[in-house]
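Listed here are the chains, written in short residue letters.
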Amino acid sequence: MTEDTDLLATRRAKHQAWLEHVKVWPNDFRRTHLAEELHAAHTDADKAALEAAAVPVVVAGRVMLRRVMGKASFLTLRDVSGDLQCYLRKDALETVYAQFEDWCDIGDIVGIRGTLMRTNKGELTVAASEFRLLNKTLRPLPDKHHGLTDQERKYRARYLDLMVNDDARARFRQRSRMIQSIRNFFLERDFLEVETPMMHVIPGGATAKPFVTHHNALDLPLFMRVAPELHLKRLTVGGFERVFEMNRNFRNEGISTRHNPEYTSLEYYQAFADYNDAMDDLEALFAKLAHEVVGGEPVAVGDVAIDLTQPFERLSMKSSLARYENMDPSSLDDPAVLRARLTEAGVTVQNDWGSGRMIFELFEALVEDNLIQPTFITEYPAEVSPLSRRNDDNPDITDRFELFIGGREIANGFSELNDPDDQAERFWAQVAAKDAGDEEAMHFDADYIEALEYGLPPAVGVGIGIDRLVMLLTGAPSIRDVLLFPLMRPLEGRDDG
């Protein structure tokens with residue numbers, strides 16, 4: 001029998017003894033205080049003051065540390081807010097003390113009633129007058145000295161990661177604060193929060209490969225949405241001039257440190273505004289997040305400090321190639337030069353790529369990783385921007401930007417294409433690309449064209465990758481570190497993750 005099997009067998013025996021004693025699983029213990037509020041409320045109270053006050057408290061949580069010392073013992077209890085020490089004496093608990101000694105292990109969930117005291121070392125502590133074992137756990141927690149260090153195990157067993165790793169708990173609290181801060185930003189500006197369908201008859205709103213499912217009752221193939229864009233713009237046509245949605249998208253693509261098949265995005269649309277207004281708004285949003293989520297401190301990307309409270313640089317795509325690749329701007333209009341530079345960069349050039357697509361591919365291959373400080377890249381080719389409004393002075397480019405920070409795309413926005421004929425033409429170009437084998441190209445959405453024929457006001461739309469933004473603000477190296485339950489390949493011999 002292995003050591004792990006011995007531990008499990010011992011715990012199961014204790015579990016059975018506890019069940020025979022309690023008869024039913026307890027659910028009648030009610031706490032009155034959390035650890036964090038007790039530490040905050042009594043931070044200045046010394047030992048004598050606490051003894052005189054005899055403050056009654058009822059706490060509950062998981063046992064994280066246990067020191068049995070004969071007739072008296074200490075345990076560290078962890079609740080949702082933090083840790084609190086408890087002191088158990090045999091003469092105060094009588095027969096229940098034996099239950100603590102015999103049955104209670106690290107990881108068990110307990111409830112303690114008592115009064116506050118401070119130890120000789122100055123630690124705030126609950127002197128227990130009542131102890132109850134509320135859940136006798138069957139498996140031991142990871143080693144207390146090393147915690148949970150196996151990265152894959154953290155992703156597969158996030159509950160363990162949250163139990164024992166302070167950094168993990170802090171990161172997901174930051175994520176929650178960030179999402180709330182974003183929501184408040186838009187609500188304060190009179191945006192309406194909405195929900196749009198997750199299953200689409202026609203996938204659209206982005207060039208991406210969708211997941212396919214099937215509705216049995218209607219015998220209808222459906223697609224998990226790759227973006228909510230076209231539904232949100234339908235709402236703008238309908239008169240909701242400021243709308244936003246924070247929700248999941250699904251893309252049947254690869255998994256990497258920056259990609260997960262399902263991810264969270266924010267999309268918002270504002271009538272009577274353009275992409276310059278959106279860039280201004282994003283600078284204001286990021287300054288707000290910097291103050292409310294990271295306390296106004298610069299964000300570290302490697303060894304580089306990034307100040308999110310300052311205006312961001314704005315640079316056209318061609319200018320970025322000139323700066324970072326020393327390419328002559330005039331050469332970027334020559335397909336032969338573009339093709340040769342892509343081949344040199346190791347990119348396989350498709351026969352149907354025009355100059356715009358080749359410029360975009362060069363940018364992705366050679367420039368993106370250099371954009372560490374916040375930078376808006378503008379003037380995206382129309383060829384790779386099927387939903388964006390063409391520029392008034394140059395119809396080969398669009399009034400579109402992407403925001404890059406730390407070498408990662410964080411946001412994408414553009415003045416909306418509201419010309420139904422131009423949109424139909426671009427949809428047909430996407431259909432041709434799909435017929436030629438491009439699995440990410442869009443379908444023709446006749447209903448959306450009809451909606452445009454009723455009139456989409458001049459508008460701007462923006463999408464922000466929430467998970468990548470959390471990575472940036474928390475310094476997480478992988479998207480899996482900011483997703484509570486990232487997709488994992490099932491373990492061999494199991495039918496779950």
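Residues numbered from 1 in each chain as written. Predicted model: local features only at pLDDT ≥ 70, side-chain atom pairs only at ≥ 80, totals over all residues. Heavy atoms only, no water.

On to the packing of helix 14 (residues 420-435) against helix 15 (residues 446-453), then. For the pair helix 14 and helix 15, interaxial distance at closest approach is 9 Å and the crossing angle is 165°. Between helix 14 and helix 15, the angle falls in the class roughly antiparallel. Where helix 14 crosses over helix 15, the handedness of that crossing is right-handed. Side by side, helix 14 and helix 15 meet where Pro420, Gln423, Ala424 and Phe427 of the first sit next to Tyr448, Ile449, Leu452 and Glu453 of the second. Of the residues belonging to the contact of helix 14 with helix 15, the class tally is six nonpolar, one polar and one charged. (Axes fitted to C-alpha atoms, helices over the stretch in contact; angles between N-to-C directions. Helix = DSSP H or I, 4+ residues; strand = E, 2+ residues; numbered from the N terminus. Parallel < 35°, antiparallel > 145°, perpendicular 65-115°, else oblique. Left-handed = near helix turned anticlockwise from the far one by under 90°. Contact = heavy atoms within 4.5 Å. Nonpolar A, V, L, I, M, F, W, Y, C, P; charged D, E, K, R; others polar.)

With that out of the way, let us pick up the sheet that holds strand 4 (residues 109-118). The strand order around the closed barrel formed by five strands is 1-2-3-5-4, and the pairing between neighbours is mixed. Adjacent strand axes in the sheet meet at a mean angle of 55°, parallel and antiparallel pairs treated alike. As judged from the eight bridges shared by strand 2 (residues 72-79) and strand 3 (residues 82-89), these two strands associate in the antiparallel manner. Each bridged residue has a counterpart across the sheet, and for Leu77 the counterpart in strand 3 is Leu84. (Pairing = 2+ DSSP bridges.)

Within the largest apolar cluster, 44 residues are counted, with the highest numbers of intra-cluster contacts made by Ile182, Leu282, Phe286, Leu308 and Leu469. Elements with a minimum of two residues in this core: helix 8 (166-187), strand 10 (242-250), strand 11 (262-271), helix 10 (275-294), strand 16 (400-405), strand 17 (408-415), strand 18 (459-465) and helix 16 (466-474). The dominant element in this core, judged by the number of residues it contributes, is helix 10, at ten residues. Aside from chain neighbours lying at most four places away, what touches Ile182 is Met246, Leu266, Leu285, Leu289, Ile466 and Leu469. Core analysis: the second largest hydrophobic core is formed by 26 residues, Ala35, Val110, Ala128 and Phe131 among them. (Core = buried A, V, L, I, M, F, W, Y, C linked by side-chain atoms within 4.5 Å. Buried < 20%, exposed > 50% of the residue type's maximum accessible area, 1.4 Å probe, protein only.)

Considering all chains together, one arrives at 34 salt bridges under this definition. A salt bridge links Arg314 to Asp280; its shortest N-O distance comes to 2.8 Å. With Arg314 in strand 14 (residues 313-316) and Asp280 in helix 10, this pair connects stretches of sequence that are 34 residues apart. In this structure, Asp333 engages Lys318 in a salt bridge whose closest nitrogen and oxygen atoms are separated by 2.7 Å. Within this pair, whereas Asp333 is found in the loop between helix 11 (317-325) and helix 12 (335-344), its partner Lys318 is found in helix 11, the two being separated by 15 residues in sequence. (Salt bridge = Lys/Arg side-chain N within 4 Å of Asp/Glu carboxyl O.)

Attention now moves to the state of the cysteines. Across all of its chains, the model carries zero disulfides by this definition. Cysteine Cys86 is unpaired, with the sulfur of Cys104 as its nearest cysteine sulfur at 11 Å. Residue Cys104 is classed as buried on the basis of its relative accessible area of 0%. (Disulfide = S-S within 2.5 Å.)

This structure, assessed with the given rule, holds 18 aromatic pairs. Ring centres 5.7 Å apart and planes at 40° place the aromatic pair Phe312 and Phe376 in the tilted group. Highlighted residues: Phe312 in the loop between strand 13 (304-306) and strand 14 and Phe376 in strand 15 (residues 375-378), separated in sequence by 64 residues. Of the two residues examined, Phe312 and Phe376, each falls in the buried class. An aromatic cluster of three or more residues is present, and its members are Phe185, Phe186, Phe191, Phe244 and Tyr268. The ring of Phe100 carries the charged tip of Arg66 above its face, separated from the ring centre by 4.9 Å. A cation over an aromatic ring shows up here: Arg189 above the ring of Phe185, its NZ or CZ 3.6 Å from the ring centre. (Phe/Tyr/Trp six-rings, centres within 6.5 Å; stacked < 30°, edge-to-face > 60°. Lys NZ or Arg CZ within 6 Å of the ring centre and 35° of its normal.)

What follows covers a negative patch on the surface. On the surface, Asp419, Asp421, Glu425, Glu450 and Glu453 cluster together into a patch of negative charge. Every element with two or more residues in the negative patch is listed here: helix 14 and helix 15. Within the secondary structure, Asp421 sits in helix 14. Owing to a relative accessible area of 59%, Asp421 belongs among the exposed residues under this scheme. (Patch = residues over 30% accessible without salt bridge, like charges linked within 9 Å, V, L, I, M, F, W, Y side chains within 5 Å. Areas by Shrake-Rupley, 256 points an atom, 1.4 Å probe, with all protein chains shown as cover. Lys, Arg positive; Asp, Glu negative; His and termini not counted. Charge placed at Lys NZ, Arg CZ, Asp CG, Glu CD.)

Despite not being glycine, Lys23 has its phi angle at roughly 70°, a positive value. Locating Lys23 in the fold gives a position in the loop between helix 1 (3-22) and helix 2 (35-41). In this structure, Glu379 takes a positive phi of about 60° despite not being glycine. Within the element layout of this structure, Glu379 appears in the loop between strand 15 and strand 16. Using a relative accessible area of 38% as the deciding quantity, one classes Glu379 as partly exposed.

Bringing the sheet that holds strand 15 into the picture now. What the eight strands build is an open sheet, ordered 6-10-11-18-17-16-15-14; its pairing is mixed. Edge positions in the sheet fall to strand 6 (192-193) and strand 14, since each has one partner strand and no second. Bridge analysis of strand 15 against strand 16 gives four bridges, and the strand direction is antiparallel. Along strand 16, the bridge assignment pairs Ile377 with Glu402. Contacts from helix 16 reach strand 10, strand 11, strand 16, strand 17 and strand 18 within the one sheet, and its direction differs from that of strand 18 by about 60°.

Once that is clear, we can look at helix 15. Inspection of helix 15 places Tyr448, Ile449, Ala451 and Leu452 among the buried residues, and these make up the whole buried set. Within helix 15, the buried residues cover an arc of 155° as seen down the axis, which keeps them to one side. Those residues of helix 15 hidden inside the fold are in contact with helix 9 (229-237) and helix 14. By the N-cap criterion, in which a side-chain oxygen at the helix start approaches the backbone nitrogen of a residue two or three places on, helix 15 is capped by Asp445, the distance to Asp447 being 3.3 Å. Backbone geometry just downstream of helix 15 places Gly455 in the positive-phi region, at approximately 105°. (Arc of directions from axis to C-beta. Polar contact = N/O pair within 3.5 Å; in protein donor to acceptor, adjacent residues only side chain to side chain.)

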